[in-house]
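Descriptive structure summary
These are the residues of each chain, in order.
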Amino acid sequence: MSLESMAERTAELFARCFGHAPRWIVAAPGRVNVIGEHTDYNDGFVLPMAIERYTVIAGDRNDSREVTLHSVTTGETATFNVREPLTRGEPSWSNYVRGVVAGFQQRPIKVPGFDAVIASTVPFGGGLSSSAALEVATATLLEAITGEKLEPIEKALLCQKAEHEFAGVPCGIMDQFTSILARENHALLLDCRSRTTIPVAMTDPSITVLMINTNVRHKLADGEYAKRRSQCQTAASALKVPFLRDASAKALKAGRSKMEPIAFRRARHVISENERTREAAWAIQAADWATVGRLMYASHDSLRDDYEVSCQELDVMVDLAKPIRGVFGARMTGGGFGGCTINLVAVEAVGEFTQTIRNGYAQATGKKSGVFICSAADGAERVQ
Ligand code: ADP
Ligand code: MG
């Protein structure tokens, strides 16, 4: 569905819920990470792009101090009062909105009561960051309501803080930065330490980025994420650097005996992934798709063997993609243990690719897959 028709439908729903047309409509995109996985919390590099899947909010202020939110996606309505201090509450998804409102109040920017309808084409928990899209759309709506425009970096950090403190998810900065700063036809090389971004043009019309959803998410993901973070910290300490970002492959080799084999392998993934990510940015710029593809496969292997965050379904997807003619590269994307793979495919091969993957995945796992094309989209905007 196009952004225009999404905006139109959300406005209609708003009118049905609240009896008048919304004053504002905002949109924030989901994102995919082309390469640079599990590097963000090691102060490293990531290379995401925003996709044409959006969270759209239609909203208007009201004359009270009450906020009323209706999510089309969950079919639920949430209400809370903007009198401080704002706290976590039910339904749980309202915490992403509460957190962003709290961030504005802490500036301090006075937030009035408002009504909103939220709709989204970003699937939940599929690794496309519906959570950041919801936070960033909320922040964009609050900018419109309060007339206070935030600096993009400040806005991203406010949204990240909302996710940390109100949703209890210790995420990095990639998702929020991408949903705000992304540019059409560009990926974004983001240095998670300096928080600087370099747009990387991705305009070759002969190439398609395809996402495939495995439609699985294994439960162990959250606990394993925390474990990986602490293993990385252990490896960094053994190498006497603040973060693995500061260690080279050579230093790791020299320090191998100073750490457990498992910490060594985790560090080897992070250090090599940082190198691959910067190399991929150059290769994309040069439209050298063979190199980008090679780096994607190497990233997947490293995530599977050294970082151990892949799963059977993701491995099946990548193995199915590899031998298909016109496929340059494939890898798992997102935190792992399910979710999506990202695939770089020549335009003329897309039809055969989709068929082969659908059939092959169903045969190997008995499960359905979801394939969709992604083009690099702009960051959050006010539609009306
Ligand atoms: P991801 O960000 O990868 O999609 P998360 O678990 O981080 O997965 O975030 C998903 C959560 O975000 C959902 O469970 C829900 O609470 C919230 N969310 C995202 N979009 C919406 C929406 N349109 N309406 C209500 N809740 C939403
Ligand atoms: Mg998320």
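Residues numbered from 1 in each chain as written. Chains lettered and ligands numbered in written order. Predicted model: local features only at pLDDT ≥ 70, side-chain atom pairs only at ≥ 80, totals over all residues. Heavy atoms only, no water.

**A word on the site of ligand 1**
Inspection of the region around ligand 1 gives 15 residues, with Ser 71, Thr 73, Gly 125, Ser 130 and Ser 131 positioned closest. One of the side-chain nitrogen or oxygen atoms of Ser 71 is found 2.9 Å away from a nitrogen atom of ligand 1. At 3.1 Å from a nitrogen atom of ligand 1 is found a side-chain nitrogen or oxygen belonging to Thr 73. For ligand 1, the accessible surface in isolation is 570 Å², of which the surrounding protein chains cover 80%. Breaking the shell around ligand 1 down by element, the ones donating at least two residues are strand 5 (114-120) and helix 3 (130-146). For the shell around ligand 1, the element with the most residues is helix 3, which contributes three residues. Looking at the shell around ligand 1, its residues break down into six nonpolar, nine polar and no charged. (Near = heavy atom within 4 Å. Polar contact = N/O pair within 3.5 Å; in protein donor to acceptor, adjacent residues only side chain to side chain. Areas by Shrake-Rupley, 256 points an atom, 1.4 Å probe, with all protein chains shown as cover. Helix = DSSP H or I, 4+ residues; strand = E, 2+ residues; numbered from the N terminus. Nonpolar A, V, L, I, M, F, W, Y, C, P; charged D, E, K, R; others polar.)

**Thoughts on unusual backbone geometry**
Cis geometry marks the peptide bond from Glu 90 to Pro 91; its omega dihedral reads -15°. As for its position among the elements, Pro 91 is in the loop between strand 4 (76-81) and helix 2 (94-106). Here the amide bond leading from Arg 107 into Pro 108 is cis, since omega sits at 15°, within 30 degrees of zero. Relative to the helices and strands, Pro 108 resides in the loop between helix 2 and strand 5. Not every positive phi belongs to a glycine, and Asn 185 is a case in point at roughly 60°. Given a relative accessible area of 36%, Asn 185 falls into the partly exposed group. (Buried < 20%, exposed > 50% of the residue type's maximum accessible area, 1.4 Å probe, protein only.)

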